[in-house]
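Below are the chains, spelled out letter by letter.
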Amino acid sequence: MTQPVPQNSPLSTNVERGTEDRFARLKAELASVQSELLACQESHARNHSALCAIADGIAIVDTRGRVTCLNPVGAHLIGAKEEACLGHPLASVVRFIDHQGRPMDLLAEGFSQDRDAIVSLVRQDGHVILVDGAVSPVHDRHKRPLGTVVTFRNVTASTKLARELAYHANHDPLTGLQNRRAFLAQLQRAISNASEFGNGNALLYLDLDQFKSVNDSGGHLAGDELLRQLGVLLRKQLREHDTVARLGGDEFAVLLNNCTLEDARYVAEKIRTAVIEFAFAWEGGEYRIGTSIGLVEFSNGERSVDELIKLADRMCYVAKDGGRNRVTIYSGTEPLTRPSVHDVSHRPGARMDEDTNF
């Protein structure tokens, strides 16, 4: 039979002291856990506040592709509430399509670095916005996968602005045709291809005849409208991959890729005839103009852009000096300062074949 321990005995004192020590350790451990918990709560609050403050949409998914976190910007871009997205596969929450309109698995494909390959996001209300961003896998300290962070931002307005700026940088604001800058770049590419592959090309330089009379009698508004209509007319005379540009004033240029001299001669005559048969109506009156055309063929990279432009321009003014409304073809190998030429003229109103495929 166990005998009770007297209160003031050494054994009783040791038991009480051991109990107090254990209680103190437990109390200290509890305080430490509470401190760690508070620190974690504060860290979580800071992280959540930072996540909410980020201007990009952020979706965090687990290794199965399910959404575990979606910040307010992401929810706004998707057009859904965060709680309605949590736990669902990202592909069922939001639909991404590539620049060709095909559905894409963003987690597998990511965002393209090609500026022209813009990804579209189809919101849950059916509206489509252009987005850019990044897909970043997340690993723990042992390099085991934890999931993926997807960031995305609305670039609809900036993309539209960039495209407009690019368009205006390369197109004539009056006619919508390519401008001198864009045309010279195209010509340089044609020269490079000719140098590498030896394919035939032709450059046409056009200067309008009697255009000044339209400006003088009808005013500059009439002249501008004539140039706009003429731009449409010139485009119709060419193949789809040919290039026509307004170089400035009443001067135009045409680049014919992969064509023979006879093909180029035919197209030049077709243009000349189309212009001479064009009747421009303005405020009850009718105006008729013509065009002088200089033609230079090239099938190698021996001449630079500037040399070809100067040579075609020289041929154009030879055509003007020869009586206007004609085509002058550079047909020699003499230096630029002493070109030999071949003039091709038709009576005004001569009918041309309407086929633009040569």
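Here, every reference points to the structure presented above.
Reading the values: rules and limits
- Residues numbered from 1 in each chain as written.
- Predicted model: local features only at pLDDT ≥ 70, side-chain atom pairs only at ≥ 80, totals over all residues.
- Heavy atoms only, no water.
- Helix = DSSP H or I, 4+ residues; strand = E, 2+ residues; numbered from the N terminus.
- Buried < 20%, exposed > 50% of the residue type's maximum accessible area, 1.4 Å probe, protein only.
- Areas by Shrake-Rupley, 256 points an atom, 1.4 Å probe, with all protein chains shown as cover.
- Salt bridge = Lys/Arg side-chain N within 4 Å of Asp/Glu carboxyl O.
- 1 Å grid on protein atoms, 1.4 Å probe; cavity = no way out; pocket = protein on both sides within 12 Å on 5 of 7 lines; lining within 4 Å.
- Points joined across faces, edges and corners; volume = space filled by probe spheres on them.
- Core = buried A, V, L, I, M, F, W, Y, C linked by side-chain atoms within 4.5 Å.
- Contact = heavy atoms within 4.5 Å.
- Pairing = 2+ DSSP bridges.

1. Details of the overall build of the protein chain
When helices and strands are counted, the protein chain shows eleven helices and 14 strands. Out of the 358 residues in the protein chain, the part that is buried amounts to 40%. Working note: accessible area of the protein chain is about 20900 Å², and carbon and sulfur atoms make up 52% of it.

2. Regarding the pattern of salt bridges
Applying the stated rule across the entire model yields 16 salt bridges. With its nearest N and O atoms 2.5 Å apart, the salt bridge here joins D209 to K320. Here K320 lies in helix α11 (residues 305–321) and D209 lies in strand β7 (residues 201–209), a separation of 111 residues in the sequence. Between R239 and D242 there is a salt bridge, with its nearest N and O atoms 2.8 Å apart. For the pair R239 and D242, one class covers both residues: buried. Within this structure, D207, D209, K320 and R324 form a network of salt bridges that share partners.

3. Things to note about the layout of surface pockets
By volume, the largest pocket amounts to about 340 Å³. Forming the boundary of the largest pocket are R115, D116, I118, D132, V155, S158, T159, A162, R163 and A166. With five residues, the top contributor of residues to the lining of the largest pocket is helix α6 (residues 156–170).

4. Quick word on the nonpolar core
One recurring pattern in soluble globular proteins is that nonpolar side chains are buried together. If you look at the biggest cluster of nonpolar residues, it comprises 34 residues, and the most contacted ones within it are L204, L256 and I271. Looking at this core, the elements that each hand over two or more residues are β7, α8 (211–218), α9 (220–236), β9 (251–256), α10 (261–277), β12 (290–298) and β13 (327–330). Those residues in contact with L256, other than ones at most four positions away along the chain, are N201, A202, L204, L238, R239, D242, A264 and V267. In this structure, A59, A75, M104 and F152 belong to the second largest nonpolar core, which totals 22 residues.

5. Side note on the pairing of β9
The buried count for β9 comes to six of six residues, which makes it a mostly enclosed element. Residues E251, A253 and L255 of β9 are buried on one face, and the alternating residues F252, V254 and L256, pointing to the opposite face, are buried as well. Two strands pair when backbone bridges link them, and β7 and β9 are joined in this way by six bridges, in the antiparallel orientation. Each bridged residue has a counterpart across the sheet, and for Y205 the counterpart in β9 is A253. Between strand β8 (residues 243–248) and β9, which pair antiparallel one after the other, the connecting turn spans two residues, and G249 there sits at a positive phi close to 60°.

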